Amino acid sequence: MNSTTGRKSERLLNLLIMLLVQRHYVSKDRIREFLYPDASTDAFEKMFERDKEELRSLGVPIEVGNMDAYFDDEPGYRVRADLLALPDIALTPDEAAVIGLATRVWQHARLADATTEAVRKLTALGVEIDESALDIAEPRLSADEPSFDVFWEATQERTPVEFDYRRPGAPRTTTRHLQPWGVVRYSGRWYVVGLDTDRKQERVFRLSRVEGAARKVGAPGSYDVPPGTDVRATAVRLAPAPATGEAVVLVRGDAGNALRRDALSVETGVDGPDTRTSWDRVRIGRGGTSAAEELLGYGADVYVESPDELRAEVVRRLRAVVGESA
């Protein structure tokens, strides 16, 4: 991770933690002492304002209030866990994404250490903290796409990215050039949104379709995100509609973790297409033909039982690939 981007990401996370785990409003002086100790007064004011706005843009509800209920003194800041957390209900991946920064990246390995370090520093300073407030950030969504790091960092740095991308049904990849505006979760998938500089239009790309290593090209800070851009709304508008219906698939016993995680039901130890491994019957809540690409990504580890139109689409695409390579 670029050192500047790493410091910024850690500072944002530390600010979120500091405002979340304390039981009362936190004064600006206290925030400066903990997070911006080496900054001049002017630099601190600018960085603090930018950081607050960035967290708010990610859905973090930062409240401003008086430190003392009886005196109109210096305002303080806090994040109420009950406002940041979602209700205890069954969530689709799309609904879960609105929890914002805490859910999107907290479980990211590079930021897990920063969480521990932030809590350690607060404790060392004698700050009374409520670690139970961190429960809302328990990992719900994975950021396991190989290209996630590059796009996340490029978004923070405002650095253009080059990558090889395979469109649905395409026999080969094409090289794309993007000025990334943001990375979002939609309908159970990670997408990057930005300006396609070859086509001069806004575009959305699913990270699972990026092949090989994405590459940052150009200088940091070389572009700006258009004012008023709502990255999530853009992703919803441009990304394919989520698959509907249900499907029943056979999955090898040691494969298909993502399918199992979102499954409506799992029946273990069933008969499968071969006896090389054990098989499970997994019922998923997306059965339209648009689910074919996802299932094809598992190769011989998944066999479609129903619906018929989905199985037919998978067979059609497999035959097209064989014909292309013949």
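Structural data are supplied above this passage.
Residues numbered from 1 in each chain as written. Predicted model: local features only at pLDDT ≥ 70, side-chain atom pairs only at ≥ 80, totals over all residues. Heavy atoms only, no water.

## Here's the deal with the side chain of Arg176
Going by this rule: Think of it this way: any DSSP run of H or I at least four residues long counts as a helix, any run of E at least two long counts as a strand, and we number them from the N terminus. A 3.5 Å cut-off defines polar contacts: any pair of N or O atoms within that distance qualifies, except that in protein one atom must be a possible hydrogen donor and the other a possible acceptor, and neighbouring residues in sequence count only when both atoms are side-chain atoms. Contacts were defined at the residue level, with two residues in contact if any of their heavy atoms lie within 4.5 Å.
With respect to the helices, strands and loops of the structure, Arg176 is situated in strand S5 (residues 174-186). A polar contact is formed between the side chain of Arg176 and the side chain of Asp196, at a distance of 3.2 Å. Other than its neighbours up to four places away in sequence, Arg176 contacts Val161, Glu162, Phe163, Tyr165, Arg167, Asp196, Asp198, Arg199 and Phe205.

## Let's talk about the packing of aromatic side chains
Pairs of aromatic rings are described using the distance from one ring centre to the other and the angle between the two planes. The line we're drawing: Pairing of aromatic rings covers Phe, Tyr and Trp, the last counted by its six-membered ring, and requires centre-to-centre distances within 6.5 Å; plane angles under 30 degrees mean stacked, over 60 mean edge-to-face, and any other angle means tilted. Accessibility here uses a 1.4 Å probe with only protein chains present; expressed as a share of the type maximum, an area under 20% marks a residue as buried, one over 50% as exposed, and anything in between as partly exposed.
With the rule as written, the count across this model stands at ten aromatic pairs. Both rings, one in Phe44 and one in Phe48, keep their centres 5.6 Å apart while their planes meet at 10 degrees; by these two values the pair is stacked. You can see Phe44 and its partner Phe48 sitting in helix H3 (residues 41-57), four residues apart, about one turn around the helix. In this pair, the class of Phe44 matches that of Phe48, namely buried.

## A look at the sheet that holds strand S10 (residues 265-270)
Our working rule: Between any two strands, at least two bridges found by DSSP are needed for them to pair. A fitted line through C-alpha atoms represents every axis, and for helices the fit uses only the stretch in contact; the resulting angles, taken between N-to-C directions, go from 0 to 180 degrees.
What the four strands build is an open sheet, ordered S10-S11-S9-S12; its pairing is antiparallel. Of all the strands in the sheet, just S10 and strand S12 (302-306) have a single pairing partner and so form its edges. Averaged over neighbouring strand pairs, the angle between their axes works out to 25 degrees when direction is ignored. Across six bridges, strand S9 (residues 247-252) lies against strand S11 (residues 279-284) in antiparallel orientation. Across the sheet, the residue bridging to Val249 is Val282, located in S11.

## Topic: the pairing of strand S3 (residues 75-79)
With two bridges joining them, strand S1 (residues 26-27) and S3 adopt antiparallel strand pairing. Across the sheet, Ser27 pairs through a bridge with Gly76, a residue of S3.

## Describing the sheet that holds S5
Pairing within the open sheet is antiparallel, and its five strands lie in the order S7-S6-S5-S4-S8. Two strands close off the open sheet at either side, each with one partner strand: strand S7 (201-206) and strand S8 (210-216). Between one strand and the next, the sheet's axes are offset by a mean angle of 40 degrees, whatever the strand orientation. Bridge count for S5 against strand S6 (residues 189-196) is eight bridges, and the pairing is antiparallel. Residue pairing for S6: Val184 is matched across the bridge by Tyr191.

## Quick notes on helix H9 (residues 231-238)
Cut-off, in case you're wondering: The arc in question is traced by the directions running from the helix axis to the C-beta atoms.
Residues of H9 that are buried include every one of Val231, Arg232, Thr234 and Ala235, and no others. Along the long axis of H9, the arc covered by the buried residues comes to 160 degrees, so they all point the same way. Of the residues flanking the start of H9, the one acting as N-cap is Asp230, its side-chain oxygen 3.2 Å from the backbone nitrogen of Arg232.

## Details of the environment of Glu63
Within the secondary structure layout, Glu63 lies in strand S2 (residues 62-66). Classification of Glu63 as buried rests on a relative accessible area of 18%. Here the alpha-carbon distance between Glu63 and Tyr77, two residues 14 residues apart in the chain, equals 5.6 Å.

## Concerning the nonpolar core
Filter applied, for reference: Buried Ala, Val, Leu, Ile, Met, Phe, Trp, Tyr and Cys residues form a nonpolar core when they are joined through side-chain atoms within 4.5 Å.
Core analysis: the largest hydrophobic core is formed by 20 residues, its most contacted members being Leu15, Leu19, Ile31 and Tyr36. Where this core is concerned, the elements lending two or more residues are helix H1 (3-21), helix H2 (28-35), H3 and S3. At six residues, H1 tops the list of elements feeding residues into this core. In terms of nonpolar packing, the next biggest core, distinct from the first, is built from 16 residues, Phe151, Leu178, Val192 and Val210 among them.

## Observations regarding H2
Within the sequence span of H2, burial applies to Lys28, Ile31, Phe34 and Leu35. Projected onto a plane normal to the axis of H2, the buried residues spread over an arc of 130 degrees and lie on a single side.

## Let's talk about unusual backbone geometry
Among all residues save glycine, negative phi is the norm, and among peptide bonds the norm is trans. The residue after Ser306, namely Pro307, is reached through a cis peptide bond having omega 0 degrees. Topologically, Pro307 is positioned in the loop between S12 and helix H12 (308-325). A positive phi angle is found at Arg158, which is not glycine, with a value near 60 degrees. For Arg158, the position within the fold is in the loop between helix H8 (148-157) and strand S4 (161-165).

## Examining the pattern of salt bridges
Our working definition: The term salt bridge refers to a pairing of a side-chain nitrogen on Lys or Arg with a carboxyl oxygen on Asp or Glu at a separation within 4 Å.
Using the criterion set out here, one finds 22 salt bridges in the structure. Its salt-bridge partner being Lys216, residue Glu153 comes within 3.2 Å of it at the nearest N-O pair. Here Glu153, found in helix H8, pairs with Lys216, found in strand S8; they are 63 residues apart in sequence, far enough to count as distant. Given a relative accessible area of 33%, Lys216 falls into the partly exposed group. We note a salt bridge from Arg252 to Asp274, for which the minimum N-O separation is 2.6 Å. Placement of the pair is Arg252 in strand S9 and Asp274 in the loop between S10 and S11, with a sequence separation of 22 residues. In this structure Asp274 comes out as partly exposed when scored by relative accessible area, which is 26%. Residues joined in a network through salt bridges with shared partners are Glu153, Glu157 and Lys216.

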